[in-house]
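Per-entry structural report
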Amino acid sequence: MITALSPAHLPELSPGRLLTTRGEFAVLDVPPPVGATVRGTVLLLPGYTGSKEDFTLVLGPLAARGYRAVAVDGRGQHGSDGPADDEAAYAQDELAKDVLAQARGVDAPVHLVGHSMGGQIARAAVLLDHSPFRSLTLISSGAARISASQEQRVTLLRDALAVMSMEECWEAILAMGPPEEVGGPARGIGGPDQLRQRWLSTRPAQLLAAGRQLCAEPDRVAELAAVPLPFHVLSGSHDDTWPVPDLDAMARRLEARRTVVEGAGHTPMIDHPTPTAQYLADFFDTLAVR
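Heads up: these notes are all about the structure in this document. Residue indices begin from 1 for each chain and proceed along its sequence in written order. In keeping with the predicted nature of the model, local features appear solely for residues at pLDDT of at least 70, side-chain atom pairs appear and are counted solely at 80 or more, and the whole-chain, interface and lining totals rest on all residues. With hydrogens and water stripped out, all remaining heavy atoms of the structure feed into the side-chain values.

1. A closer look at the overall build of the protein chain
Operational definition: Only DSSP runs of H or I with at least four residues qualify as helices, and only runs of E with at least two residues qualify as strands; both kinds are numbered from the N terminus onward. Our radius of gyration looks at C-alpha atoms and nothing else; its globule reference is 2.2 Å times the residue count to the power 0.38. Buried residues are those whose accessible area, probed at 1.4 Å on protein chains only, stays under 20% of the maximum for their type, while exposed residues exceed 50% and partly exposed ones sit between those limits. Working rule for contacts: check all heavy atoms of both residues, and any pair within 4.5 Å makes them a contact. Note that accessible areas follow from Shrake-Rupley with a 1.4 Å probe, and for residues the cover is restricted to the protein chains shown. In this tally Asp and Glu are treated as negative and Lys and Arg as positive; neither His nor the chain ends contributes. The location of each charge is read from NZ of Lys, CZ of Arg, CG of Asp or CD of Glu.
A count of helices and strands for the protein chain gives eleven helices and ten strands. Relative to its length of 290 residues, the protein chain is compact, with a C-alpha radius of gyration of 17 Å against a globular reference of 19 Å. Taking the principal axes of its C-alpha atoms as reference, the protein chain extends roughly 50 × 40 × 40 Å. The 290 residues of the protein chain split such that 57% are buried. The long-range fraction of contacts in the protein chain, counting pairs at least 24 apart against all pairs at least 6 apart in sequence, stands at 77%. When the accessible surface of the protein chain is split by element, carbon and sulfur atoms take 54% of a total near 11,400 Å². Taken together, the 25 basic and 35 acidic charged side chains of the protein chain have centroids lying 5 Å from each other.

2. Details of the sheet that holds strand S6 (residues 110-115)
The strands making up a sheet are joined through hydrogen bonds of the backbone, oriented either antiparallel or parallel. The test is simple: Following DSSP output, two strands are said to pair if at least two bridges run between them. For helices, the axis comes from a line fit to the C-alpha atoms of the stretch in contact; other axes are also lines fit to C-alpha atoms, and the angle between any two N-to-C directions lies between 0 and 180 degrees.
The strand order S2-S3-S5-S4-S6-S7-S9-S10 describes an open sheet built from eight strands, whose pairing is mixed. Here the strands that pair on one side only, and so sit at the sheet edges, are strand S2 (16-20) and strand S10 (257-261). Put simply, the sheet's adjacent strands are angled 25° from each other on average, direction ignored. Pairing of strand S7 (residues 133-139) with strand S9 (residues 231-236) involves four bridges; the strand directions are parallel. Across the sheet, residue Leu136 finds its bridge partner in S9, namely Phe231. Strand contacts of helix H3 (residues 117-128): strand S4 (40-45), S6 and S7, with the helix running at about 140° to S6, the strand carrying the most contacts.

3. What about the packing of helix H4 (residues 148-163) against helix H7 (residues 204-214)?
To keep it simple, the criterion reads: Should an angle lie under 35 degrees it is considered roughly parallel, over 145 roughly antiparallel, and from 65 to 115 roughly perpendicular; all remaining angles are considered oblique. It is the rotation of the near helix from the far one that decides the hand of a crossing: anticlockwise by less than a right angle makes it left-handed, clockwise makes it right-handed.
As a packed pair, H4 and H7 sit with axes 10 Å apart at the nearest point and diverge in direction by 150°. For the element pair H4 / H7, the angle class is roughly antiparallel. Considering only the axes of H4 and H7, their crossing is left-handed. Residues Val154, Arg158 and Leu161 of H4 lie in contact with H7, whose contacting residues are Leu207, Leu208, Gly211 and Arg212.

4. Points about the packing of aromatic side chains
Worth spelling out the cut-off: Each Phe, Tyr or Trp ring, with Trp reduced to its six-membered ring, pairs with another whose centre is within 6.5 Å; inter-plane angles below 30 degrees give stacked pairs, above 60 give edge-to-face pairs, and intermediate values give tilted ones.
This model, assessed by the stated rule, comprises two aromatic pairs. One aromatic cluster is present, built from ring pairs that chain together Tyr67, Phe283 and Phe284.

5. Quick notes on unusual backbone geometry
Note the cis peptide between Ala108 and Pro109, where omega equals 5°. As for its position among the elements, Pro109 is in the loop between helix H2 (92-105) and S6. A positive phi angle is found at Asp107, which is not glycine, with a value near 80°. Residue placement: Asp107 occurs in the loop between H2 and S6. The phi dihedral of Ser116 is positive, around 55°, even though this residue is not glycine. With respect to the helices and strands, Ser116 occurs in the loop between S6 and H3.

6. Re the packing of H2 against H3
Convention followed: Nonpolar residues are Ala, Val, Leu, Ile, Met, Phe, Trp, Tyr, Cys and Pro. Charged residues are Asp, Glu, Lys and Arg, and all others, Gly as well, are polar.
The geometry of H2 relative to H3 is characterised by a closest axis approach of 8 Å and an angle of 75° between their N-to-C directions. Overall, the two elements H2 and H3 adopt an arrangement that is roughly perpendicular. Counted together, Gln92, Asp93, Leu95, Ala96, Lys97, Val99 and Leu100 of H2 and Gln120, Ile121, Ala124, Ala125 and Leu128 of H3 form the full contact between these two elements. Residues that form the contact of H2 with H3 fall into these classes: eight nonpolar, two polar and two charged.

7. Remarks on the pairing of S2
In this structure, S2 lies alongside strand S3 (residues 23-30), joined through five bridges in antiparallel fashion. Across the sheet, residue Thr20 finds its bridge partner in S3, namely Gly23.

8. A look at the pattern of salt bridges
As a reminder of what qualifies: The rule for a salt bridge is simple: a side-chain nitrogen of Lys or Arg has to be within 4 Å of a carboxyl oxygen of Asp or Glu.
Applying the stated criterion across every chain yields a total of 22 salt bridges. Note that Asp54 and Arg198 form a salt bridge whose closest N and O atoms lie 2.9 Å from each other. Highlighted residues: Asp54 in the loop between S4 and helix H1 (56-64) and Arg198 in helix H6 (residues 192-201), separated in sequence by 144 residues. For Asp54, a relative accessible area of 7% gives the class buried. One connected set of salt bridges, linked through shared partners, spans Arg22, Arg75, Glu94 and Asp98.

9. Overview of the side chain of Gln102
Within the secondary structure layout, Gln102 lies in helix H2. Filtering out sequence-adjacent residues up to four positions away, Gln102 remains in contact with Leu18, Thr20, Phe25, Leu43, Leu45 and Val72.

Purely geometric stuff here, so don't read any function into it on its own.
Here's what the structure looks like:
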C-alpha cells in the first residue's frame, strides 16, 4: 500500500540546483514573499529513503514567516548525484562535509534542520564545524541507533538491496508494506509514480550506507551539548524509530527547546505540516539575528 498526498493538493515547487565546493545538489528553494522582512535562511535535510520533497508543505509557511527555506537532497538522494556502488562516498563524515558546503552555499549562517537520519548527519556537521549555523533542530531524530524493531526493518531492506535490483526491491516493498516509521520509500509527498521514481533515482550505495549508520550510530549527545548553539528537539506524539520518552531525555541533556506535534508520527512535517512549520518558525524567531 502506498501512503501519499495527492499531487492536486500540493504547492507547485520547481526543483533547483545548489552549486557548492563539494558539487551540485538538488534543492527546493522558497524565498520570503516580496516586501516581507527577511529573517534568515533554513536548511532542511531529509531522512532515510526520503527526499527534499518531504518538506514541501512546510517550505511556504516558513517563507511566509520571513525565512528562506531550502530543502536539499543529500549526496545520492533522489535528485542529487552520487556513486551507485561506492558506500565509502556516503560515510557520515563525508555527508557532514557536504552539509557544511551546502550551508555556505545558501548564505551561512543558517538554521539547520534534520529529519531522522538527516538529523544525525546534521549533528555530525555541527560537531565538525558549528560556525555556519545559527541553530540546530532535530526532527524525530534520536541520540543513538534506531530502535530494535526498526533495525529489523532496515536490515531486511539492506539484505534485499544486496541481492535485488532497485526495481525488484520496489515491488517487494509494495508487497510487504513499507517500513513506515523510518519514512519508508512508499510513503511521502506525491503520487505513486513520483514515489516510485524517487526510490529508483536514489543510489543503492547511499541506502546501504545509511542503513548501516542508523543501526550503529553512537550516542554523541554529550559532545553536541558542548557546542554553543541553540537546540530544538521536535517530534510527533508517537514514534517507534526513537521512542518519544527517549527524545524527551535527549532534549533535557541538550537543554533544548522541546516540541511535540500532537497526533503526528515519525514525519510531523507531512502528518501535520501547519503546526510543524509554526513551531519551527517560533523557535527561529526567539534567536537574535547575528
